[in-house]
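Overview (structure and organization)
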Amino acid sequence: VQLQASGGGLVQAGGSLRLSCAGSGSMSSHNIMGWYRQAPGKHRELVAVITSRNSTNYADSVKGRFTISRDDARNTVYLHMNSLKPEDTAVYFCNTKWYSDDEKWYDYWGQGTQVTVSS
């Protein structure tokens, strides 16, 4: 399984970006897809996740500003980011995980895409 993230860049505070992450390979349809981020000197943190039933969960810091969505026909997860703040600056990583019939967790990460928000 490979995940390819794209869409990062430099944006002014208050602006918007859309991140995309396309998966390839043998992915389970019953997966959880999500976005995490890591700022310099900080631990990686959850931003948003979405299940195969489109149930979502967001970090408190992004609620009301970010929206996660998925397109299962394209094995792609999106993160729509609005009202960006300088504190949103980080490398954003996409992730997919599932629990399989052989009672194992499978967990894959994309390569990360830089988001920089200037004040």
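Before reading further, recall that the structure is shown in the block above.
In this report, we go over the structure that sits alongside the text. Note that the coordinates shown come from a computational prediction; the quantities given were computed from them, not determined experimentally.

**Description of the packing of aromatic side chains**
Enumeration over the complete set of coordinates arrives at 4 aromatic pairs. On the numbers, 5.5 Å between centres and 55° between planes, the contact of Tyr99 with Trp105 is tilted. We classify Tyr99 as partly exposed; its relative accessible area is 47%. A relative accessible area of 57% means that Trp105 is categorised as exposed. One cation-aromatic arrangement involves Arg44 over Phe93; the distance from NZ or CZ to the ring centre is 3.8 Å.

**Some thoughts on the pattern of salt bridges**
If you walk through the whole model with that rule in mind, you get 6 salt bridges. Glu45 serves as the salt-bridge partner of Arg37, at 2.7 Å between the closest nitrogen and oxygen. For Glu45, a relative accessible area of 37% corresponds to the partly exposed category. A salt bridge links Arg37 to Asp88; the shortest N-O distance between them is 3.0 Å. Of this pair, Arg37 sits in strand β4 (residues 32-38) while Asp88 sits in the loop between β8 (76-81) and β9 (90-99), and the two are 51 residues apart along the sequence. Assessed through its relative accessible area of 5%, Arg37 is described here as buried. Connected through shared salt-bridge partners, Arg37, Glu45, Arg65 and Asp88 make up one network.

Reading guide: rules and limits
Residues numbered from 1 in each chain as written. Predicted model: local features only at pLDDT ≥ 70, side-chain atom pairs only at ≥ 80, totals over all residues. Heavy atoms only, no water. Phe/Tyr/Trp six-rings, centres within 6.5 Å; stacked < 30°, edge-to-face > 60°. Buried < 20%, exposed > 50% of the residue type's maximum accessible area, 1.4 Å probe, protein only. Lys NZ or Arg CZ within 6 Å of the ring centre and 35° of its normal. Salt bridge = Lys/Arg side-chain N within 4 Å of Asp/Glu carboxyl O. Helix = DSSP H or I, 4+ residues; strand = E, 2+ residues; numbered from the N terminus.

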